[in-house]
Amino acid sequence: MFEQFINIYSIVITVVGLIICLFHYIERPRRSWIYVTASLLSLLLSNYYWTTYTLLMGDDPSISSFAAYFGDNLCFVPILLLLIHIHRKHHVRWFSPLSLLPLPLNIYQLILYNGFVEDGDFIGYFNNYWQCFVTTCVAIFSLNLIFYYFKNRKTGFPKPYVAFVTFFYMVFEYAMWTSSCFDWPSEWLDPYNYFSLLAFASLVALPIAILKTHGGKLFRNQREQTKRIRVIFQPMYIAVTLINSLGGYFLAMWIRDRLNESVQDAESTSAYEILDVTLFIVSAILVAFSIAIIFVVNYVNKAAQTDRLREEKNVAEQSNEAKSEFLANMSHEIRTPINAVMGMNEMILRKSLKARDEMGEDQEELRETFSDISNYSGNIDNAGKNLLSIINDILDFSKIEAGKMEIITGKYRLSSLLNDVSNMIYYRAKSKDLSFVVEVDEDLPDGLCGDEAHIRQAVINILNNAVKYTHEGGVRLRVSGRTQHDSMSNTDYIRLTFEVKDTGIGIRKQDLEKLFAKFERVDLEHNKSVEGTGLGLAITRNLIEMMGGEVSVESLYGSGSTFTIRIPQEVVSHEPVGDFRQKFEESMEKIKAYEGSFEAPEARILIVDDTKVNLLVAEGLLKETKMRIDTASSGADAVRLANGTTYDVIMMDQRMPKVDGSQALQMIREQKDGFNKTTPVICLTADAVMGAKERYLAEGFTDYLTKPIDSKAMEKMLIKYLPEEKVTLTVTQK
């Protein structure tokens, strides 16, 4: 009677454990739940048909030993896999010799248990050896985790709840098997039954141990989703399991009664083996249904997860749009005052240099005063460019991360690129009393094809860093290359090498790996005063790799660094660069006063901006061109002026109150018999975020110019769009 109670208890416990596992797997899909579920399903496979048969027949099933113990043998494998998974998850590579204590005990139990196997029963021996091997491994891995916890508990190693439960489960199993090898006066005095109760209780404790290990609060939407799944599947699972179990029991009872009617001497026949097979099939159906529940629940959970991901994606996209809008606003708000500062400063520089050069030799004191003003103005210009560089870094990196940075190739002159780079770095190095030396291989071809703007940006980033982190000595730029011929395309290529060597503070070996990471600033203890975002080198590496090149660094801490950029470029002209160093040093000997690139006294342009100081800056920068310049402080004023005057070029700010630049442009284009239907309209804006240029061109603007206004870029653009017959280029420009 007691033994039958234990059999029924084992089924109830197994089903309860399965319910816990299945529906906590919904909430927290972890591999641990799958391992325990597989173990419980294996036990259910054997326990159901064994229990039902003994209830009906009052005797053990006559099915083969292999089938009888198949589920019991299999249930230990997922538990072993669970323990191995925990070892790997926590990187436990330590092993305690004390973990081998179960080995001699289990060998003794195996010898004892094999004494009850009949000669020739190879399946019986196999079952014993298999169970001994697997359970010993489970006990050893459990003990090892427990010992590892006590050794490392002060370091924060989590409590091994699963290891404790599986270890006690193995202890109860050992005791249960060992006690079954001896005769006891009655089933009430048989320790086997009591250890069976404890062993099955451990099975319910195992899901609880996993829940304790992987606890934590769920998100609100996740709780609601799992609650809905529980309401649907939990009662259904219990109902189907109960109906299937009772149905299997009554089916077996009906088969037994039919057999009793037709079999006269049942004990001497094997007719009742059909009951074994029937109940085994019913238990297999129970297992299959549980597995089906796992798949259905997993599918529902995946669908819910997909919905959550879709929702999170929408939130991320909205956040990204908000970020883009914020960057656009910040770009506009920051660039507008910078435009005023740098524009006015450039006019101060122009006037002071012109005044200095026009002073007579008897006015040396005034000449020195204007030279000092020029130097102060140059410092303001450098500071403004540094601030602008920080803003550009942030905008460029947002483009790269969004995959919107494009490589645009075109023909350019290497000497011109190097001249721009050298001019910019020369003054920065000079302001820190550093030497700046440029060495260019004289035989390098001057005519190349590639993305000139991004090559210039990458080289300047490296050189800026060199100047930033060098406090004495100097910076050396060496440019070389090796030309190769591609017979397939019949094209010559050169692998350009830019080598930047400085005598700066150097870089620690452990910091080299994170040097090109975004937002990283290395050796902050010594570099707190160095300005920058930590994006320059990350942007440089991305740009160079996008162009098929590579960037590397060698450094000795305290002695300086050498950065090397290698990038392939197509050769379009083999005319050599020549002695670039001599030409550059001669050009740097004296700062010359500004000289306009063109004059166009017959040309008339309209400049539109809602900020008065921006209009003053634009007018001042274009004063030397002698053009007739009209200004408008709003979109509505621009439309009114365009309705009565023909302009050669209109330069239009985009962000203006009431009528913005795009609206004003459309109104000008739509004017009936308008004077400026085909006039080039250049978008003059502080909005320089990713995609801004493409957006404004799509709205109908002819071209795009960013603030702060680069006077050379503005003059170059005006030369491009003004009527050719109205433009007279200066001698220097020719």
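## Looking at the overall build of the protein
The number of helices and strands found in the protein is 21 helices and 14 strands. The buried share of the protein, reckoned over its 734 residues, is 47%. Looking at the protein alone, contacts between residues at least 24 apart form 75% of all its contacts between residues at least 6 apart. For the protein, the accessible area works out to roughly 38300 Å², and carbon and sulfur atoms hold 57% of it.

## Points about the environment of arginine 669
With respect to the element layout, arginine 669 can be found in helix H19 (residues 661–669). Taking the C-alpha atoms as reference points, arginine 669 and alanine 642, separated by 27 residues in sequence, lie 9.7 Å from one another. Residue contacts for arginine 669: discarding those within four places in its chain leaves Asn676, Lys677, Thr678, Thr679, Val681, Gly700 and Thr702.

## Quick notes on the pattern of salt bridges
Per the counting criterion, the structure on display carries 13 salt bridges. The shortest N-O distance in the salt bridge between glutamate 599 and lysine 626 comes to 3.7 Å. With a gap of 27 residues between them, glutamate 599 in strand S8 (residues 598–599) and lysine 626 in the loop between helix H17 (612–621) and strand S10 (628–632) connect regions that are remote in the sequence. One network of salt bridges, in which partners are shared, links Arg413, Asp446 and Glu575.

## Observations regarding the packing of aromatic side chains
Per the counting criterion, the structure on display carries eight aromatic pairs. With centroids separated by 4.9 Å and ring planes inclined at 75 degrees, the aromatic side chains of tyrosine 148 and phenylalanine 157 adopt a geometry described as edge-to-face. Both residues of the pair, tyrosine 148 and phenylalanine 157, belong to the buried class. Measuring from ring centre to ring centre gives 5.8 Å for phenylalanine 167 and phenylalanine 168, while their planes differ by 65 degrees; the resulting arrangement is edge-to-face. Ring pairing ties together the aromatic residues Phe76, Tyr169 and Trp177, which thus form one cluster. The cationic tip of arginine 695 hangs over the ring face of tyrosine 696; the distance from NZ or CZ to the ring centre is 5.0 Å.

## Remarks on the sheet that holds strand S13 (residues 703–706)
An order of S10-S9-S11-S12-S13 is seen for the five strands of this open sheet, with the pairing classed as parallel. Each edge of the open sheet carries a strand with a single partner, namely S10 and S13. Across the sheet, the mean angle from the axis of one strand to that of its neighbour is 20 degrees, orientation sign disregarded. Relative to strand S11 (residues 649–652), strand S9 (residues 604–608) is paired through four bridges, and the arrangement is parallel. Across the sheet, leucine 606 pairs through a bridge with isoleucine 650, a residue of S11. Each of S9 and S10 touches H17; the most contacted strand, S10, lies at about 170 degrees to it. Relative to the sheet, helix H21 (residues 711–721) contacts S11, strand S12 (681–685) and S13, its axis offset from that of S13 by approximately 165 degrees.

## A look at the confidence of the model for the protein
Here the protein averages 79 in pLDDT, and 77% of its residues register 70 or above. Confidence drops under pLDDT 50 across residues 523–534; counting only partners more than four residues distant or on other chains, this segment forms 27 contacts.

## Some thoughts on the nonpolar core
Core analysis: the biggest nonpolar cluster contains 50 residues, and Val36, Phe76, Leu82, Leu145, Val162 and Tyr169 have the highest contact counts within it. Broken down by secondary-structure element, the contributors of at least two residues to this core are helix H1 (2–27), helix H2 (31–57), helix H4 (70–89), helix H6 (122–152), helix H7 (161–179) and helix H8 (191–213). In contact with valine 36, not counting residues within four places along its chain, are Cys21, Leu82, Leu206, Pro207 and Ile210. Formed by 45 residues, the second largest nonpolar core is a distinct cluster that contains Val438, Val440, Ile544 and Val551.

## Points about helix H5 (residues 102–114)
In this model, H5 (13 residues) spans 18 Å end to end at C-alpha, consistent with the 18 Å of a helix rising 1.5 Å per residue. Residues Pro102, Asn106, Gln109, Leu110, Leu112 and Asn114 constitute the buried set of H5.

## So, unusual backbone geometry
With an omega dihedral of 0 degrees, the bond running from lysine 707 to proline 708 counts as a cis peptide bond. Looking at where proline 708 falls in the secondary structure, it is placed in the loop between S13 and H21. The phi angle at aspartate 433 is positive, at roughly 60 degrees, despite the residue not being glycine. Within the element layout of this structure, aspartate 433 appears in the loop between helix H12 (414–431) and strand S2 (435–440). Accessibility expressed as a relative area gives 70% for aspartate 433, which makes it exposed. We note that aspartate 673 has phi near 55 degrees; this positive angle belongs to a residue other than glycine.

## As for empty space enclosed by the protein
Taken as a whole and assessed by the stated rule, the structure comprises three cavities of 30 Å³ or more. The wall of the largest cavity is formed by 17 residues, among which Ile86, His90, Pro160, Val162 and Thr213 lie closest to the centre. Elements supplying a minimum of two residues to the lining of the largest cavity: H4, H7 and H8. Per-element accounting of the lining of the largest cavity gives the leading share, four residues, to H4. Within the lining of the largest cavity, the residues separate by chemical class into 10 nonpolar, five polar and two charged.

## Remarks on the packing of helix H18 (residues 635–642) against H19
Where H18 meets H19, the axes come as close as 9 Å, and the angle between the chain directions of the two elements is 20 degrees. By the angle between their axes, H18 is roughly parallel relative to H19. The handedness of the crossing between H18 and H19 comes out as right-handed. Here Gly635, Ala638, Val639 and Ala642 of H18 lie close against H19, whose contacting residues are Ala664, Met667 and Ile668. Taken together, the residues of the contact of H18 with H19 sort by class into six nonpolar, one polar and no charged.

Rules used throughout
- Within each chain, residues carry numbers counting from 1 in the order of the written sequence.
- Local features in this predicted model are restricted to residues of pLDDT 70 or higher, and side-chain atom pairs are both shown and tallied only at a pLDDT of 80 or more, whereas totals for entire chains, interfaces and linings draw on every residue.
- Water and hydrogen atoms were dropped before computing side-chain values, which therefore reflect all heavy atoms in the structure.
- Only runs of H or I of at least four residues qualify as helices and only runs of E of at least two qualify as strands under DSSP, and these elements are numbered from the N terminus.
- Note on classification: 1.4 Å probe, protein chains only; a residue is buried when its accessible area is under 20% of the maximum for its type, exposed when over 50%, partly exposed between these limits.
- Only heavy atoms enter the contact rule, under which two residues are in contact if any of them lie within 4.5 Å.
- The method behind every accessible area is Shrake-Rupley, applied with a 1.4 Å probe, and residues are considered shielded solely by the protein chains displayed.
- Salt-bridge detection follows one rule: a side-chain nitrogen of Lys or Arg within 4 Å of a carboxyl oxygen of Asp or Glu.
- Between rings of Phe, Tyr and Trp, where Trp is taken as its six-membered ring, a pair exists when centres lie within 6.5 Å; planes separated by under 30 degrees are stacked, by over 60 edge-to-face, and by other angles tilted.
- Only when the NZ of Lys or the CZ of Arg is both within 6 Å of the ring centre and within 35 degrees of the ring normal is a charge said to sit over the ring.
- Here the rule is simple: two strands pair whenever DSSP picks up at least two bridges between them.
- As a rule, the C-alpha atoms of each element are fitted with a line to give its axis, helices using only the stretch in contact, and angles between N-to-C directions run from 0 to 180 degrees.
- A score between 0 and 100, pLDDT records how confident the predictor is in each residue.
- In these notes, a set of buried Ala, Val, Leu, Ile, Met, Phe, Trp, Tyr and Cys residues joined through side-chain atoms within 4.5 Å is what counts as a nonpolar core.
- The length a helix should cover is 1.5 Å for every residue beyond the first.
- Method remark: on a 1 Å grid restricted to protein atoms, a set of points is classed as a cavity if a 1.4 Å probe fits but cannot get out and as a pocket if it is open with protein on both sides within 12 Å along at least five of seven lines; lining residues have an atom within 4 Å of a point.
- Grid points are joined across faces, edges and corners, and a volume is the space filled by probe spheres set on the points.
- Amino acid classes used here: Ala, Val, Leu, Ile, Met, Phe, Trp, Tyr, Cys and Pro are nonpolar; Asp, Glu, Lys and Arg are charged; the rest, including Gly, are polar.
- Relative orientations are named as follows: roughly parallel for angles under 35 degrees, roughly antiparallel for angles over 145 degrees, roughly perpendicular for angles from 65 to 115 degrees, and oblique for any other angle.
- In this scheme the handedness of a crossing depends on how the near helix is turned from the far one: anticlockwise by less than a right angle means left-handed, clockwise means right-handed.

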